[in-house]
Amino acid sequence: MTILYGIKNCDTIKKARRWLDDHQVEYRFHDYRVDGLPPELLASFIAELGWEALLNTRGTTWRKLDESVRMRIDNADAAAALMLEMPAIIKRPLLCAPAQPMLLGFSDASYGQWLAQTRS
């Protein structure tokens, strides 16, 4: 089963969900705030994508952090601890399908390419 990870009130998540619905892609939505984020799951995301890619340093959550906190996020363990504490700081959406590479972020082009790979 394809799973879309994120936070339901995120505008980019809404675009991704609309795209998946419009293209008749069956998926389950996993809201970090409602469904939680087990450390093992986050570790699998970091293992495949890297903590730097997952950490959303352009969002409001990151900008609101004290500078001293931001300066301490310089390795996978520190980033993982922050992401577990504040899942809104994870870049989204994250799309996961069996036997496919994870897809982080959203664009029509990247989702179209992903769909072509999953259906071939």
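Below is a short write-up of the structure. Each chain has its residues counted from 1, running along the sequence as written. Selection of residues for local features in this predicted model requires a pLDDT of at least 70, selection of side-chain atom pairs for listing and counting requires 80 or more, and totals for whole chains, interfaces and linings are taken over all residues. Heavy atoms throughout the structure, all of them, feed into the side-chain values; hydrogens and water do not.

**Regarding the pairing of strand β2 (residues 27-31)**
A regular strand places its side chains on the two faces of the sheet in alternate fashion. Where we set the bar: With a 1.4 Å probe rolled over the protein chains alone, any residue whose accessible area is under 20% of its type maximum counts as buried; one over 50% counts as exposed, and the rest are partly exposed. Put simply, DSSP H or I for four residues or longer makes a helix, DSSP E for two residues or longer makes a strand, and each gets a number counted from the N terminus. Should DSSP find at least two bridges between two strands, the strands are regarded as paired.
The buried count for β2 comes to four of five residues, which makes it a mostly enclosed element. Pairing analysis gives five bridges linking strand β1 (residues 2-6) to β2, with the strands arranged parallel. Across the sheet, residue Ile3 finds its bridge partner in β2, namely Arg28.

**What to know about unusual backbone geometry**
The omega torsion across Arg92 and Pro93 is -5 degrees, close enough to zero to call that bond cis. With a phi close to 50 degrees, Gln24 is a non-glycine residue in the positive phi region. Within the secondary structure layout, Gln24 lies in the loop between α1 (11-22) and β2. Residue Gln24 is classed as exposed on the basis of its relative accessible area, which comes to 62%. Phi at Ala99 takes a positive value of approximately 60 degrees, unusual for a residue other than glycine. With respect to the secondary-structure elements, Ala99 resides in the loop between β3 (94-96) and β4 (103-104).

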